[in-house]
Amino acid sequence: MWDDGDMHATHSPTYPSREAVVPPRAWQYEAIRRIEADFQRSSDTHLIPLPTPGLPGVDLYLKDESSHPTGSLKHRLARSLFLHALCNGWLHESSTVVEASSGSTAISEAYFARLLGLPFCAVMPRSTSPDKVAAIEFAGGQCHLVEHAADIYQAAADLAAQRGGHYMDQFTYAERATDWRANNNIAESIYHQLEREPHPCPRWIVASAGTGGTLATIGRFVRYRRYATQVCGVDAERSVFFDHYTSGNAALTCAQGSRIEGIGRPRVEASFVPGVLDAMVQVRDVWSIAAARALAEVLGRPVGGSTGTNLMAALHCARQMVQRGETGSIVTLLCDSGERYRHSYYNDDWLAQQGLACHEPQHAVQHMLHSGSWPEMATPQSVERTEVFVWGRSAGI
Ligand SMILES: Cc1ncc(COP(=O)(O)O)c(C=O)c1O
């Protein structure tokens, strides 16, 4: 029977003290505390305005994710994946953490594994930048290199099984590990940083897909808040995301691995959510690298290849806005620094060996940034729902 006295006693809610519930989960709770304390000590990444004199009325911004402690936007994902795994009870004091990666995620996960005192092993394609391998080893991780990009998933699952460890599996869990409604995710941070700008609600947010997790977070946040922003996904040349977006075929595969490190996949990843996108662009690799190098000239520091891919798509959105007489802002991501790619995208001999010499496209991007038009380029062709350009393809813009 209810008793009035008890009703009074329970009127103000009382929660169990943390100490009372800690003992059976002591290691997990301490691990979560360490990650949260690390976050508390960190600052947000910058939103940098990019001067584009040739695109009047369009304000272009770069969310500079290279300034995270582990140098890329994957710092956010790694933190989310560790917290997700810890709260699910998937990580223990003696777990070896294993991940399939093209490098950036592995660097960030190596950082968090070291923070928790866990062994870490990255499974990556042999073509991965040596600087990334060095960064993982510097953080105490091991690298297991496989010949083909498509083999990393099974090799990582096998390695985790052999060592009795945990396969983090970013390609499956990226889209659900991040809090997409808010909690200072990348999208909330962008909108907060734009608050005092002339166009605080961006017309476009443009981002490339590796797992697809960043796009899923941004897209869901935009829909949830019902913003008048359109979300544009970007794909690399050797990848299936763009064709999946236009065809709906989830069984597509691609034999060759992507040459733009961090983005482009040989299979449709579970974390890629096409329904959140309004448009998609696919950029030829030579143009991604050209755009990265052109941007490096403007910023006075090198940026990674996927930032060039993003810039090409953002310039495409901007050009469409100018042609339609629209004004507004566009945000895209500076995913990582070009210091990791000195031996490749910033090395003319390497580019020539790969058939990616890009002086003319680089000049064309510089021209675009200054004048707002592509120099002497063939007119685009329309193929069903897709527009084909010299630099790539677009659907939905
Ligand atoms: C350098 C770089 N850019 C972009 C991305 C794409 O991010 P997401 O995996 O969230 O799609 C990645 C992913 O690994 C990356 O490493």
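Everything numeric here is computed off the predicted structure, so don't read it as measured data.

J.: What exactly am I supposed to notice about the site of the ligand here?
T.: Among the 20 residues in the neighbourhood of the ligand, the closest are listed as S104, G210, T214, G262 and C335. Within the residue set of the shell around the ligand, elements represented by two or more residues are helix 5 (104-116) and helix 10 (213-225). Residue classes in the shell around the ligand are distributed as five nonpolar, 13 polar and two charged. When residues of the shell around the ligand are sorted by domain, at least three fall in each of domain 1 (46-71 + 180-395) and domain 2 (74-174).

J.: For this particular structure, what's the right way to read the nonpolar core?
T.: Soluble globular proteins tend to pack their nonpolar side chains together in the buried interior. Counting 71 residues, the largest nonpolar core has V206 and C232 as its most contacted members. Element by element, the count of residues in this core is highest for helix 12 (residues 285-299), at nine residues. For C232, the residues in contact, after removing those within four places along its chain, are W204, V206, D278, A279, M280, V281, A313, C317 and I397. Within the second largest apolar cluster, 37 residues are counted, among which are A78, V98, F112 and Y167.

J.: How should the domain arrangement of the chain be read in this particular structure?
T.: Where the parts come together, the accessible area they lose is often given as the size of the interface. Per the domain assignment, the segments making up the chain are domain 1 (46-71 + 180-395) and domain 2 (74-174). Using C-alpha coordinates to define each centre, domain 1 is positioned 26 Å away from domain 2. Taken together, the contacts link 23 residues of domain 1 with 22 residues of domain 2. The residue inventory of the side of domain 1 that touches domain 2, partitioned by class, reads five nonpolar, 13 polar and five charged.

J.: Before we go on, may I ask you to explain the sheet that holds strand 6 (residues 166-167) in this structure?
T.: In sheet architecture, strand pairing relies on hydrogen bonds along the backbone and comes in two forms, parallel and antiparallel. Read from one edge of the open sheet, four strands run 5-4-3-6, paired in parallel fashion. If you trace the sheet from one side to the other, it starts and ends with strand 5 (142-146) and strand 6, each paired once. By the bridge criterion, two bridges tie strand 3 (residues 97-100) to strand 6 in an arrangement that is parallel. Considered in strand 6, the bridge of V97 is made with H166. Relative to the sheet, helix 5 contacts strand 3 and strand 4 (120-125), its axis offset from that of strand 4 by approximately 175 degrees.

J.: Any chance you could explain the sheet that holds strand 13 (residues 392-395) here in plain terms?
T.: Taken in spatial order, the nine strands of this open sheet run 1-2-10-7-8-9-13-12-11, and their pairing is mixed. Two strands close off the open sheet at either side, each with one partner strand: strand 1 (46-50) and strand 11 (381-383). Geometrically, the sheet is characterised by an average inter-axis angle of 25 degrees between neighbouring strands, direction not taken into account. Here strand 9 (residues 279-283) pairs with strand 13 via four bridges, running antiparallel. Among the inter-strand pairings, V281 is bridged to a residue of strand 13, identified as S394.

Reading the values: rules and limits
- Residues numbered from 1 in each chain as written.
- Predicted model: local features only at pLDDT ≥ 70, side-chain atom pairs only at ≥ 80, totals over all residues.
- Near = placed C-beta within 6 Å.
- Helix = DSSP H or I, 4+ residues; strand = E, 2+ residues; numbered from the N terminus.
- Nonpolar A, V, L, I, M, F, W, Y, C, P; charged D, E, K, R; others polar.
- Domains from an automatic or database assignment.
- Core = buried A, V, L, I, M, F, W, Y, C linked by C-beta atoms within 7 Å.
- Buried ≥ 20, exposed ≤ 12 C-beta atoms within 10 Å, placed from the backbone.
- Contact = placed C-beta atoms within 7 Å.
- Pairing = 2+ DSSP bridges.
- Axes fitted to C-alpha atoms, helices over the stretch in contact; angles between N-to-C directions.

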